[in-house]
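Fold and geometry: a report
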Amino acid sequence: MATGETGFDDVTYDLVSVQYHALKAGHDYGQYVRDAENAGRQDIADFFGRTMKEDSARAAQCHEYMKELSGSSQSGPAVT
């Protein structure tokens with residue numbers, strides 16, 4: 001795998017990026033759930049809740065992949 005200026009290979013960088021954005025969105029979605037509930041729109045609150053769970057699962061999957069890569073020579077010097 002190619003290693004960019006960061007010292008991380010492209011795939012690891014991409015996983016970190018997806019994980020960050022999934023976790024950030026999950027944090028924001030909590031407010032969206034509250035906003036929808038306050039507006040009396042439980043259907044939309046439920047939608048935001050499902051979206052939050054999906055992003056949480058996505059972040060967890062990224063974490064698992066990064067654990068796999070950290071034990072290999074494919075990840076570059078910043079991860080090993």
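Read on for a plain summary of the structure. (Residues numbered from 1 in each chain as written. Predicted model: local features only at pLDDT ≥ 70, side-chain atom pairs only at ≥ 80, totals over all residues. Heavy atoms only, no water.)

Let's shift gears to the overall build of the chain. Of regular secondary structure, the chain possesses 2 helices and 0 strands. Within the span of the chain, comprising 80 residues, buried residues form 29% of the whole. Restricting to contacts in the chain with at least 6 residues of sequence separation, those with at least 24 account for 61%. Carbon and sulfur atoms make up 55% of the accessible area of the chain, which amounts to about 5,400 Å² in all. (Helix = DSSP H or I, 4+ residues; strand = E, 2+ residues; numbered from the N terminus. Buried < 20%, exposed > 50% of the residue type's maximum accessible area, 1.4 Å probe, protein only. Contact = heavy atoms within 4.5 Å. Areas by Shrake-Rupley, 256 points an atom, 1.4 Å probe, with all protein chains shown as cover.)

Attention now moves to the side chain of Thr51. Examined against the element boundaries, Thr51 turns out to sit in helix α2 (residues 42-70). Note on Thr51: relative accessible area 14%, which makes it buried.

Moving on: α2. The end-to-end C-alpha separation of α2 is 42 Å, in line with the 42 Å expected for 29 residues at 1.5 Å each. Along α2, the residues classified as buried are Ala45, Gly49, Thr51, Asp55, Ala59, Cys62, Met66 and Leu69. On its buried side, α2 packs onto α1 (10-38). (Expected span 1.5 Å × (residues − 1).)

The subject of this paragraph is the packing of α1 against α2. When two helices pack together, their arrangement is captured by the angle between the axes and the distance separating the axes. One can describe the packing of α1 onto α2 by two numbers: an axis separation of 8 Å at closest approach and a directional angle of 160°. With respect to their mutual orientation, α1 and α2 come out roughly antiparallel. Judged by the sense of rotation from one axis to the other, the crossing of α1 with α2 is left-handed. (Axes fitted to C-alpha atoms, helices over the stretch in contact; angles between N-to-C directions. Parallel < 35°, antiparallel > 145°, perpendicular 65-115°, else oblique. Left-handed = near helix turned anticlockwise from the far one by under 90°.)

Everything listed here is a matter of coordinates, which is why it stays silent on function.
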